[in-house]
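Listed here are the chains, written in short residue letters.
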Amino acid sequence: MTESAGTPATHEPDALELGLPVPVPDPGLPSRVSIHEVGPRDGLQNESSLVPVTVKAEFIARLAATGLRTVEATSFVHPKWVPQLADAEELMPRLTELPGRHPGLRLPVLVPNERGLDRALAHHATDIAVFASATETFARRNLNRTAGEALEMFKPVVERAEEAGVPTRGYLSMCFGDPWEGPVPIPQVVGFGVRLLELGCTELSLGDTIGVATPGQVTALLQAFARAGVPMSRLAVHFHDTYGQALANTLAALRSGVTTVDASAGGLGGCPYAKSATGNLATEDLVWMLHGLGIETGVDLRALVTTSAWMAGQLGRPSPSRAVQALAGRPA
């Protein structure tokens, strides 16, 4: 049947307009989850074409406006290693007004060493992060030193940051599998993770850098950390969706008591030092699942989808996020 002449086509509402997803709480899950948005740093660092600093600043501002309260802004790494983030000094002054407009907003930056910390503090960074490895091969390829030597390098960074009143997050990569070494023993991961926390890191993010984890493996690792005396409140999870397991792995982590999840708007990202690493868990896909479980995030999914669709346009390619693909372009 066709529309009669002169009769406008009926608007077909999208899922959000229809009141979907239906929130069905699960008593075994947390009531609220904090999302650590990594798109502007981890998401963009793997882009081959340089993204203008004005676009990065607007991306961060748009993300903050969606209700996200932690948006990792950039990295003070040497430009030779990550050219995409060579504009950190130019970017940071463009973000100074955002916390005032969005109370509670945190804009962490990654620092590789004390020189990076000096640069970050000079730009009034209020949160920093350091990046360690659970495997020796990745440590040598990424940090140009052994995994143990990297921890020693981070010790004065964390100490000085603490003296300045700046909390440090510790990233631990290759927690579930390494592209050169294969499976990573759980005690090895726990050992390096505990050492990062003992250095003074306030939070530890466990990274599935090449996206090979499955839910049982996630549960087993988190149980091992619990046996080592690490509360789930100090852990976060960082999943890549290489094999389509990121949401399932996230759900396993939530059931284990984790309440902080890393994600990247639009599913941006990878790892410049591990070519088998594909995109991060898309923030929109995560928010859709969490809202469907009745879990509070504080995030406006419509605004987030609009932001990621805009960023995809800036990059000249569609977003890999399934939620963005389903919802982008719909009327607000």
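For the structure given in this document, a descriptive report is provided here.

Calculation rules
Residues numbered from 1 in each chain as written. Predicted model: local features only at pLDDT ≥ 70, side-chain atom pairs only at ≥ 80, totals over all residues. Heavy atoms only, no water. Phe/Tyr/Trp six-rings, centres within 6.5 Å; stacked < 30°, edge-to-face > 60°. Helix = DSSP H or I, 4+ residues; strand = E, 2+ residues; numbered from the N terminus. Buried < 20%, exposed > 50% of the residue type's maximum accessible area, 1.4 Å probe, protein only. Lys NZ or Arg CZ within 6 Å of the ring centre and 35° of its normal. Salt bridge = Lys/Arg side-chain N within 4 Å of Asp/Glu carboxyl O. Core = buried A, V, L, I, M, F, W, Y, C linked by side-chain atoms within 4.5 Å. Contact = heavy atoms within 4.5 Å. Expected span 1.5 Å × (residues − 1). Arc of directions from axis to C-beta. Pairing = 2+ DSSP bridges. Axes fitted to C-alpha atoms, helices over the stretch in contact; angles between N-to-C directions.

Details of the packing of aromatic side chains
Part 1 of the argument: Applying the stated criterion to the full structure yields 3 aromatic pairs.
Part 2 of the argument: Ring geometry for F131 versus Y171: centroids 5.9 Å apart, planes at 35°, classification tilted. Taken as a pair, F131 in strand β4 (residues 128-133) and Y171 in strand β5 (residues 168-173) lie far apart in primary sequence, 40 residues in all. Each member of the pair, F131 as well as Y171, is classed as buried.
Part 3 of the argument: Plain terms: the ring middles of F176 and F239 are 6.1 Å apart, the flat faces sit at 45° to each other, and that makes the pair tilted. Of the two residues, F176 is situated in the loop between β5 and β6 (177-178) and F239 in strand β9 (residues 235-239); the sequence distance between them amounts to 63 residues. In this structure, F176 and F239 share a single accessibility class: buried.
Part 4 of the argument: One Lys or Arg, R41, reaches over the ring of Y171 and ends 5.4 Å from the middle of that ring.
Part 5 of the argument: The residue whose ring lies beneath R62 is W310, and the NZ or CZ to ring-centre distance is 4.2 Å.

What about the pattern of salt bridges?
Part 1 of the argument: Here the structure, examined in full by the defined rule, presents 16 salt bridges.
Part 2 of the argument: The closest approach of N and O atoms between D14 and R302, which form a salt bridge, is 2.6 Å. Placement of D14 in the segment before β1 (34-37) and of R302 in helix α12 (residues 301-315) is noted, with a sequence separation of 288 residues between them. The pair D14 / R302 is uniform in exposure class, with both members buried.
Part 3 of the argument: Of the charged contacts in the structure, one is a salt bridge between R160 and E114, with a shortest N-O distance of 3.2 Å. In this pair, R160 sits in helix α7 (residues 147-163) while E114 sits in helix α5 (residues 114-122), placing the two residues 46 residues apart along the sequence.
Part 4 of the argument: Take E114: its relative accessible area is 32%, and that puts it in the partly exposed class.

Structural notes on the nonpolar core
Part 1 of the argument: In terms of nonpolar packing, the biggest core is built from 92 residues, with L95, V109, L172, L196, L206, F225 and M311 touching the most fellow members.
Part 2 of the argument: By residue number, the principal contributor to this core is α7, which donates 8 residues.
Part 3 of the argument: Aside from chain neighbours lying at most four places away, what touches V109 is A73, T74, F76, M92, A120, A125, D127, I128 and A129.

Focus on helix α9 (residues 215-227)
Part 1 of the argument: Over its 13 residues, α9 runs 18 Å from end to end, which matches the ideal 18 Å to within 8%, given 1.5 Å per residue.
Part 2 of the argument: V218, L221, L222, A224 and F225 are the residues of α9 that are buried. Summarising the axial view, the buried residues of α9 lie within an arc of 155°, below the 170-degree limit, and thus occupy one face. Among the exposed residues of α9, those pointing more than 90 degrees away from its buried face are G216 and R227.
Part 3 of the argument: On its buried face, α9 is in contact with α8 (186-199), β8 (203-208), β9 and α10 (246-255).

What to know about the environment of D285
Part 1 of the argument: Tracing the backbone shows D285 in helix α11 (residues 283-292).
Part 2 of the argument: A sequence separation of 20 residues divides D285 from A265, and the C-alpha atoms of the two residues are 9.2 Å apart.
Part 3 of the argument: In contact with D285, not counting residues within four places along its chain, are L247, S321, R322 and A323.

Thoughts on the sheet that holds β9
Part 1 of the argument: With parallel pairing, the 8 strands of this open sheet are ordered in space as β1-β10-β9-β8-β5-β4-β3-β2. Each edge of the open sheet is held by one strand with a lone partner, namely β1 and β2 (74-75).
Part 2 of the argument: Both strand β3 (residues 109-110) and β4 contribute to a ladder of 2 bridges, which runs parallel. Across the sheet, the residue bridging to V109 is I128, located in β4.
Part 3 of the argument: α9 rests against β8 and β9 of the sheet, and its axis sits at about 155° to β8.

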